[in-house]
Structures are given as structure tokens and as C-alpha cells.
Number of protein chains: 2
Amino acid sequence: MRDVAVIGIGIQKWGELWDRSLRDLWVEAALNAIGDAGVDRIDSMYVGCMAPGLFVGQEHLGSLLADYLGVCPIPATRVESACCSGGLALRSGFIEVASGMSDIVLVSGVEKMTDVDGGGATYALATAADGDYEVYQGATFPGLYAMVARDYMHRYGLTREELAQVAVKNHANGSLNPHAQYPMKLTLEGVINSTLIADPLRLMDCSPITDGAAAAIICPLEMAKDLSKQPPVKVAGVGAATDRIALHDRDDFCEFAATVHSSQAAYKMAGVGPADINFCEVHDCFTIAELCVIEALGFFERGTAGKATAAGETALGGKMPINTSGGLKSKGHPVGATGIGQLHEAVTQLRGAAGKRQVKDARRGMMQNMGGSGGSTVCHILEVV
Amino acid sequence: MRDVAVIGIGIQKWGELWDRSLRDLWVEAALNAIGDAGVDRIDSMYVGCMAPGLFVGQEHLGSLLADYLGVCPIPATRVESACCSGGLALRSGFIEVASGMSDIVLVSGVEKMTDVDGGGATYALATAADGDYEVYQGATFPGLYAMVARDYMHRYGLTREELAQVAVKNHANGSLNPHAQYPMKLTLEGVINSTLIADPLRLMDCSPITDGAAAAIICPLEMAKDLSKQPPVKVAGVGAATDRIALHDRDDFCEFAATVHSSQAAYKMAGVGPADINFCEVHDCFTIAELCVIEALGFFERGTAGKATAAGETALGGKMPINTSGGLKSKGHPVGATGIGQLHEAVTQLRGAAGKRQVKDARRGMMQNMGGSGGSTVCHILEVV
């Protein structure tokens with residue numbers, strides 16, 4: 001397998017973008033990535049998108065977006081794994097470049113979520129859970145993650161304040177990110193007193209509904225310096241895994257086994273461990289998810305992530321900065337784009353271009369992108385070459 | 001890149017399977033493929049499916065189906081390119097095996113189409129066209145393909161009888177296929193006098209709405225003999241391409257440029273040309289599509305496929321047998337499964353196991369699987385080793 005590098009990244013400011021269509025958003029991000037890399041062709045492209053049929057009545061995104069970018073007849077593949085569709089698009093593009101099948105590949109993600117009628121977004125998102133045994137019985141994602149939070153609180157003594165600190169920290173980071181949907185800072189009281197959604201989760205524990213896209217250009221590492229003036233960032237580790245889709249079928253609500261398995265595969269490929277990672281973007285769809293995930297990744301012992309977060313260990317300048325971008329919570333969560341949005345942040349950090357949210361001496365970063373309540377997960381490790 | 005072989009295939013009798021769910025259908029096909037190959041593990045899996053969110057309210061198929069097959073935590077990727085989602089799943093699995101990332105990969109497709117409320121299936125299928133500029137203006141796929149048929153008739157003098165002969169031939173083949181949804185034979189008069197759908201296309205020019213799944217096991221060619229008792233079939237050529245998604249944006253309604261580009265890529269990889277192919281499964285979603293496609297693949301000169309079909313050249317025993325399985329028209333068209341259904345037929349022919357529909361001395365076969373009105377296409381060439 002050939003080594004693979006990222007040589008271009010593109011995004012826009014995410015938000016409720018009422019005057020933009022899915023194709024507009026995606027083409028803007030793709031052109032930004034192509035411009036950033038400075039390449040004059042693409043050999044193949046991948047699009048991560050969760051539910052464009054339900055959100056905007058459009059499937060067949062490979063053809064549509066290759067057409068609107070003006071790159072037909074190149075192969076175009078849409079991949080879907082709920083909210084980790086973007087991470088899976090990166091993995092798929094990585095394999096295509098590593099195999100020798102293609103040299104310059106566009107990997108991307110997009111979701112247009114706001115332009116749907118009442119109740120439509122919640123219904124569309126619920127299709128990431130088990131339709132027959134969760135959704136038809138009334139479960140929604142806030143409800144499922146609330147059960148995880150209750151279980152975690154019961155077992156490990158997590159406090160409401162510790163949980164809220166995840167949101168406070170991520171909004172502090174997001175306030176430094178020009179692409180963030182909600183760059184306002186939050187207070188502990190603001191989170192704890194926000195509207196109750198599914199006890200114990202409140203509105204400010206939940207990631208938002210977002211329109212947005214992100215894209216990147218990858219190529220063989222050995223070609224990177226000829227193809228682009230950007231400093232290449234190596235994709236050193238890739239891992240993907242699945243878990244039982246329904247929460248009630250799992251042995252342990254708080255373990256997030258697909259994160260354990262996919263991160264171990266990524267660590268093994270990169271030849272590193274958790275202690276070698278300088279920062280990590282994780283899938284904080286709800287505040288409780290961030291705590292479970294950073295334990296599953298091996299950064300903290302089981303049951304200790306809440307106290308570590310409250311102590312500032314995951315903040316900028318802490319021993320393991322988590323979600324310097326603001327995370328899903330502040331940057332936004334256009335579900336299919338989120339994994340590539342994480343890639344955008346990681347590459348920005350590794351280029352030393354993150355401005356006020358820059359992690360000092362960032363040489364190796366990680367991304368963890370998760371579908372549903374953890375039924376699928378993709379992890380990547382990136383390195384400065 | 002490593003050479004790749006198919007060592008197992010699985011399917012069920014397709015049809016209106018009211019008592020079966022999407023997950024049931026898929027697991028049956030997957031277990032049939034695993035049993036046929038005789039393997040005791042899978043390293044990764046791909047599922048081609050077009051619109052499970054719209055048809056059955058379920059996305060996140062990678063997690064769901066890995067779970068129900070009992071193979072978590074392996075990576076599972078759903079790919080979508082409308083009606084060529086299955087072909088794209090094979091291409092994706094091929095790349096993963098060829099790259100060295102995984103050894104034993106399950107490639108599959110599924111669609112559960114009948115269990116949707118009134119009008120739902122036509123709406124779901126229309127999301128493969130350009131939502132903004134075709135569907136919202138009233139176009140449906142029968143209407144789009146009717147325009148292709150009218151253009152073809154006008155330019156090349158195709159007769160109504162020649163067009164109908166595609167359906168008559170495919171149902172004659174399908175009558176010999178135990179997995180076909182509609183194995184009844186048709187007469188020329190039966191096609192020409194069937195209900196008018198979109199002039200000149202009639203009901204018997206159109207492929208049906210179908211529930212079904214299909215699956216296959218692929219692995220490195222050099223491991224095939226150790227892993228399975230089945231005679232390995234080599235995936236010799238792979239090609240994928242895109243075209244403008246909307247019919248009105250193309251230079252030529254009848255050219256099917258994505259079929260031209262993808263087949264040329266597959267021929268080049270396999271080091272062969274149209275004259276070296278012994279039989280071909282093509283995407284006859286409408287009778288007119290088969291005529292345009294077999295010209296785009298290089299089997300017949302532009303404008304001559306109708307006369308060749310009427311002369312029996314594409315029938316069993318003709319010089320280029322097309323759709324020995326019965327094609328989409330008779331075997332059925334569960335859209336995400338169709339490309340893997342084509343693979344099932346091609347491998348069956350190359351094993352010499354097709355019974356009364358066996359192509360004599362079949363050594364090399366081709367499959368062409370197409371999305372929408374030709375906005376995306378995937379071609380594969382298979383060979384006896």
C-alpha cells in the first residue's frame with residue numbers, strides 16, 4: 001500500500017444557510033480544497049452524506065456533484081454510515097489512493113439539514129438507529145444518549161457540572177473558529193439551566209442541526225511535493241469498526257466498542273499509542289458522547305473523563321486538547337460533513353495555521369467520527385511529515 | 001494492486017416479498033454467499049443500497065447489517081449511486097482487496113421497495129434524477145427514458161416491434177432462471193398492447209418494483225484456492241464513470257457516455273475489447289436502455305442494436321448473448337441489489353452452472369450497471385482463471 005497525504009482542505013462557515021442548496025454548499029467546499037491544494041485535476045471523488053433523500057429529496061449525489069463541479073466522467077462514490085459518513089469517505093479515498101487505483105482523490109462530506117419541513121430533521125436523523133426495535137418504539141437520539149448519560153452518572157459519579165463543562169470548553173474553542181456555527185461562549189449555569197431535552201441532557205448538551213460541507217484533496221505521499229505547495233500531512237493510521245446498532249443489544253452502554261476497535265486499528269497502522277497523540281477531534285454529538293469517547297480512545301481511564309474535563313485537561317493548553325475546532329457542539333454538525341470537518345481542523349492544526357486556537361508543537365493529531373449511538377466509528381491519525 | 005477473485009455468490013428468488021424485511025433479505029443472501037464460498041470469516045463488507053431511508057425509514061445499513069449478520073466489529077460501508085449502487089459496492093470491495101487493506105470481503109446489494117405507501121416508490125426512485133431541474137418540473141424515469149426512445153426512433157428508424165423484442169428476449173431468458181421475479185414468457189403482441197406508460201414505452205418495456213438482495217465473497221486471487229473449493233472467477237476489469245445527471249444537459253440523449261467511459265476503463269484494465277466478451281449482463285431498466293447500452297459497450301454500431309436484437313443476435317445462442325438472467329426486466333430490479341445480481345449471473349455462467357440458459361464455452365463475461373438515466377455507470381469484466 002502506498003503512503004497517502006492530505007494536500008488540500010476546504011470548508012465554509014457552517015450554519016442555517018437558507019439561501020444555499022446542497023449542491024452549492026458542496027461545490028464551494030470542493031473548490032476551496034482544490035484551490036488550497038493547487039491541483040489541476042481529480043481522478044476520483046468520494047462524498048459522505050447521510051440522508052439527502054430524506055432531507056432534500058435527492059439521492060445519486062456522485063453523479064449530481066461530479067456534474068456540478070464540472071469533473072465528469074470521473075468515478076464518484078457516495079458513502080453512508082450515518083453521522084460518520086464523512087470519516088468513511090476519507091477511509092474510502094485513502095484505500096483508493098493507497099491501492100494505486102487513483103492518484104488525486106477528492107474526499108468530502110455534505111449535509112443540508114435545515115430545509116426540511118416540521119419534524120423532518122428529527123425523523124431523518126432517527127433512521128441512524130434501529131428502525132424496527134428503537135425508532136418505532138419511540139426512541140430518539142437525545143433519548144438514547146440520555147440513557148448513556150444516566151448509566152455513566154450512576155456508575156462513575158459524574159456530576160451535572162462536569163458534564164456541562166464539555167459544552168463550555170467546546171464553545172470556548174469554537175469562539176476562536178471562524179467556521180463555527182455557534183461561536184458564542186457558554187457559562188456553566190447557561191448549560192445547566194438550558195431547556196430540558198431528555199433528562200439529564202439539556203439543549204446545550206446537544207449538537208445543533210446544521211447546513212455545511214467540507215472537502216480535502218489526498219494523493220500518494222511521494223507525489224505530494226510535486227503536486228502542491230502545501231506542506232503534506234500524512235494519513236498515518238486508519239481504522240473503522242461496527243457495533244450492535246441498538247443500544248439495548250450492547251453489553252455496556254458506556255463502552256463505545258466501535259471506537260475502541262477502530263482506534264486500536266488506527267494506532268496499530270500508525271505504530272503509535274494514545275500517549276503519542278497531541279490533540280484529537282472527537283464526535284461530541286452530545287456532551288456525554290465526548291466523555292465516553294475519550295476514554296474509549298485510551299486518553300483517560302474509564303470513569304475519569306468528567307473530572308479530567310472539569311480540571312481543564314481537555315482544554316486548549318491542557319494535556320490532551322479535545323475538539324479545538326469547537327467540536328460538533330459549537331462548530332456545528334452537518335452530519336455527513338462532520339468527519340471531513342474534523343479533518344479540516346486537524347490539518348489546520350498540523351500546518352500550524354489555527355491562530356488563537358493553535359495547539360503548541362502539534363505534530364500528530366487524531367479524529368474520531370461516529371455513526372448513530374456508536375454503531376459505526378472511523379478513526380484516523382494524521383502526522384506532520 | 002493484487003488480483004482479485006470471486007469465490008462465493010448468494011441470492012434468493014426476487015419478487016414482492018411482503019413477509020420479509022430488508023435485513024432478512026440481505027442476511028439470507030449474505031449467508032448464501034458465505035456458504036457458497038465456504039469461508040469462516042469476513043474482514044470487511046460493502047452494501048450497495050439506493051434509498052433505504054425513503055423506502056423503509058432506515059439508514060446506517062453498515063452497522064445494522066453487520067449486526068444482523070453477526071460480524072461486528074468489522075468495517076462496513078454502504079455505497080450509493082442510485083441503481084448502480086450494487087456495481088459500485090463490487091468496485092469498492094475490489095479496491096479494498098486489491099490494496100491489501102483486507103483479504104476476504106463481502107460485497108452486496110439490497111433494496112426493499114414494495115413496502116412503501118402509495119406513490120412512495122416512484123418518488124423514491126425519482127431522487128436519482130436531478131431534483132431541482134428534472135423532478136420538480138414533473139419528470140419521472142419512464143418519461144425520461146421515453147424521450148430517449150423517441151430520439152432513438154427518430155434518428156435511427158427503430159420500430160416499435162424491434163424495441164419490444166428486447167422484452168420478449170429477456171423474459172424468454174428469465175423463464176429459465178429460478179431467481180426471476182417474472183419468469184413468464186411474453187409475446188411481441190403482449191408487449192406492444194400492454195398499458196401505455198410514457199409514449200412510446202408501455203408497461204412491458206419497464207422493469208418492475210422488486211424486493212431482493214444479492215451478495216458475493218471476493219478475495220485475493222492467489223488465496224482463492226486455499227480459501228474455497230469453488231473455481232475462482234477473476235475480476236479482470238473494473239471501470240466507473242459519471243455523466244451530467246440531467247438528460248437535458250447532455251450532448252446526445254442516446255450515447256450513454258458514462259457507459260462508454262466506464263467500459264473503456266474496464267476493457268483497458270482487462271486488456272481486452274468487445275470482441276473478446278462471451279456474454280454480458282446490462283442495465284435494461286427500460287427496453288430502450290438495453291439498445292443504447294449494448295451500442296455504448298461496443299458490441300454493435302450506433303443505431304443497429306434494434307435490428308440485431310430482432311435478428312436474435314442478443315438471444316441465448318446468438319453472437320452476443322445479453323441478459324441471460326432475464327435482465328432487470330424479468331429477473332427484477334431491487335435497485336441497490338441489481339449490480340450484484342448481475343455478478344451472480346456472470347459467475348454462474350462462468351462456472352458453467354447456468355443450466356438451460358448456459359452460454360456455451362463462456363470464458364469471459366461483462367456486467368454493466370447504471371444509475372438514473374445514465375448519470376453514473378460501473379462496468380466489470382470477469383474471467384475464468
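Residues numbered from 1 in each chain as written. Chains lettered and ligands numbered in written order. Predicted model: local features only at pLDDT ≥ 70, side-chain atom pairs only at ≥ 80, totals over all residues. Heavy atoms only, no water.

### Some remarks on the interface of chain A and chain B
- Counting residues at the interface gives 63 residues for chain A, matched by 63 residues for chain B.
- It is His60, Met101 and Thr242 of chain A in chain A that bury the most area against chain B; as a group they hold 15% of the surface buried on that side.
- Connecting chain A to chain B are 10 salt bridges.
- With a shortest N-O distance of 2.4 Å, Arg244 of chain A and Asp67 of chain B are connected by a salt bridge.
- Where chain A meets chain B, there are 34 residue pairs in polar contact (both at pLDDT 80 or more).
- For the side of chain A that touches chain B, the elements supplying multiple residues, two or more each, are strand S2 (44-48), helix H2 (52-56), helix H3 (61-69), strand S3 (76-80), helix H4 (85-99), strand S8 (233-242) and helix H10 (257-270) of chain A. (Contact = heavy atoms within 4.5 Å. Buried area = accessible area lost by both parts, 1.4 Å probe. Salt bridge = Lys/Arg side-chain N within 4 Å of Asp/Glu carboxyl O. Polar contact = N/O pair within 3.5 Å; in protein donor to acceptor, adjacent residues only side chain to side chain. Helix = DSSP H or I, 4+ residues; strand = E, 2+ residues; numbered from the N terminus.)

### Here we look at the nonpolar core
- Of all hydrophobic cores here, the largest spans 124 residues; its most connected members are Tyr145, Ile288 and Phe299 of chain A together with Tyr145, Ile288 and Phe299 of chain B.
- Ignoring any residue separated from it by four or fewer positions in sequence, one finds Tyr145 of chain A in contact with Leu201, Phe256, Cys285, Phe286, Ile288, Ala289, Met370, Gly372, Ser373 and Gly374 of chain A.
- Val97 of chain A together with Ile11, Tyr46 and Ala214 of chain B belong to the second largest nonpolar core, which has 72 residues in total. (Core = buried A, V, L, I, M, F, W, Y, C linked by side-chain atoms within 4.5 Å. Buried < 20%, exposed > 50% of the residue type's maximum accessible area, 1.4 Å probe, protein only.)

### Focus: the packing of aromatic side chains
- All told, the structure shown has six aromatic pairs over all chains when counted by the stated rule.
- Counting every residue linked through ring pairs, the aromatic cluster contains Tyr145, Phe256 and Phe286 of chain A.
- Over the ring of Tyr68 of chain B we find Arg23 of chain B, and its NZ or CZ is 4.5 Å from the ring centre. (Phe/Tyr/Trp six-rings, centres within 6.5 Å; stacked < 30°, edge-to-face > 60°. Lys NZ or Arg CZ within 6 Å of the ring centre and 35° of its normal.)

### Remarks on the relation of the copies chain A and chain B
- Expressed as a screw transformation, the operator carrying chain A onto chain B has a rotation angle of 180° and an axial translation of 0.0 Å, and the superposed copies differ by an RMSD of 0.0 Å. Both copies are brought into coincidence by an operation consistent with a two-fold rotation axis.
- Both copies contact each other with a shared surface, as 100% of the interface residues of chain A are interface residues in chain B too. (Least-squares fit on C-alpha atoms with pLDDT ≥ 70 in both.)

### Here we look at the pattern of salt bridges
Residues and elements named next belong to chain A.
- Under the definition given, this model contains 52 salt bridges over all chains.
- Here Asp252 makes a salt bridge to Arg155, at a shortest N to O gap of 2.9 Å. Separated by 97 residues along the polypeptide, Asp252 in the loop between S8 and H10 and Arg155 in helix H6 (residues 141-156) bring together distant segments of the chain.
- The exposure class assigned to Arg155 is partly exposed, which follows from its relative accessible area of 37%.

### A short note on the domain arrangement of chain A
All names here are of chain A.
- As far as domains go, chain A holds domain 1 (4-117 + 209-233) and domain 2 (138-205 + 234-384).
- The straight-line distance from the C-alpha centre of domain 1 to that of domain 2 is 23 Å.
- At the junction of the two partners, domain 1 supplies 47 residues and domain 2 supplies 40 residues.
- Sorting the residues of domain 1 by area buried against domain 2 places Trp14, Cys83 and Val233 first, and these three jointly supply 23% of that buried surface.
- Here Asp36 makes a salt bridge to Arg351, at a shortest N to O gap of 2.9 Å.
- Applying the counting rule to domain 1 against domain 2 returns 12 residue pairs in polar contact (both at pLDDT 80 or more).
- Of all elements in the fold, only strand S1 (4-11), H4, strand S4 (105-111) and strand S7 (212-220) reach the threshold of two or more residues within the side of domain 1 that touches domain 2.
- If one sorts the elements of the side of domain 1 that touches domain 2 by residue count, S1 sits on top with eight residues.
- Across the side of domain 1 that touches domain 2, the residue classes break down as 27 nonpolar, 14 polar and six charged. (Domains from an automatic or database assignment. Nonpolar A, V, L, I, M, F, W, Y, C, P; charged D, E, K, R; others polar.)

### Here's the deal with the packing of helix H7 (residues 160-174) of chain A against helix H11 (residues 287-296) of chain A
Residues and elements named next belong to chain A.
- In contact at an axis separation of 8 Å, H7 and H11 are set at 95° when each is read in the N-to-C sense. When the interaxial angle is binned, H7 and H11 end up roughly perpendicular. Across the interface between the two elements, Leu163, Val166, Ala167, Lys169 and Asn170 from H7 touch Thr287, Ile288, Glu290 and Leu291 from H11.
- Residues of the contact of H7 with H11, tallied by class, amount to five nonpolar, two polar and two charged. (Axes fitted to C-alpha atoms, helices over the stretch in contact; angles between N-to-C directions. Parallel < 35°, antiparallel > 145°, perpendicular 65-115°, else oblique.)

### Digging into the confidence of the model for chain A
- Mean pLDDT over chain A works out to 97, with 99% of the residues at or above the 70 mark.
- Here the complex is predicted with pTM 0.98, and the ipTM for its interfaces comes to 0.98. (pLDDT = per-residue confidence, 0-100.)

### Considerations on the packing of H6 of chain A against H11 of chain A
Residues and elements named next belong to chain A.
- As a packed pair, H6 and H11 sit with axes 9 Å apart at the nearest point and diverge in direction by 60°. In this structure, H6 meets H11 at a crossing whose hand is left-handed. Contact residues: Tyr145, Val148, Ala149 and Tyr152 in H6; Ile288, Ala289, Cys292 and Glu295 in H11.
- Split into classes, the residues belonging to the contact of H6 with H11 amount to seven nonpolar, no polar and one charged. (Left-handed = near helix turned anticlockwise from the far one by under 90°.)

### Considerations on unusual backbone geometry
- With an omega of 10°, the peptide bond running from Cys72 of chain A to Pro73 of chain A counts as cis.
- With respect to the helices and strands, Pro73 of chain A occurs in the loop between H3 and S3.
- The backbone phi angle of Phe256 of chain A is positive, close to 55°, even though this residue is not glycine.
- Inspection of the secondary structure puts Phe256 of chain A in the loop between S8 and H10.
- Taking relative accessible area as the criterion, Phe256 of chain A reaches 3% and is therefore assigned buried.
- In the Ramachandran plot, Ala82 of chain B falls in the positive-phi region, its phi being about 50° despite a non-glycine side chain.

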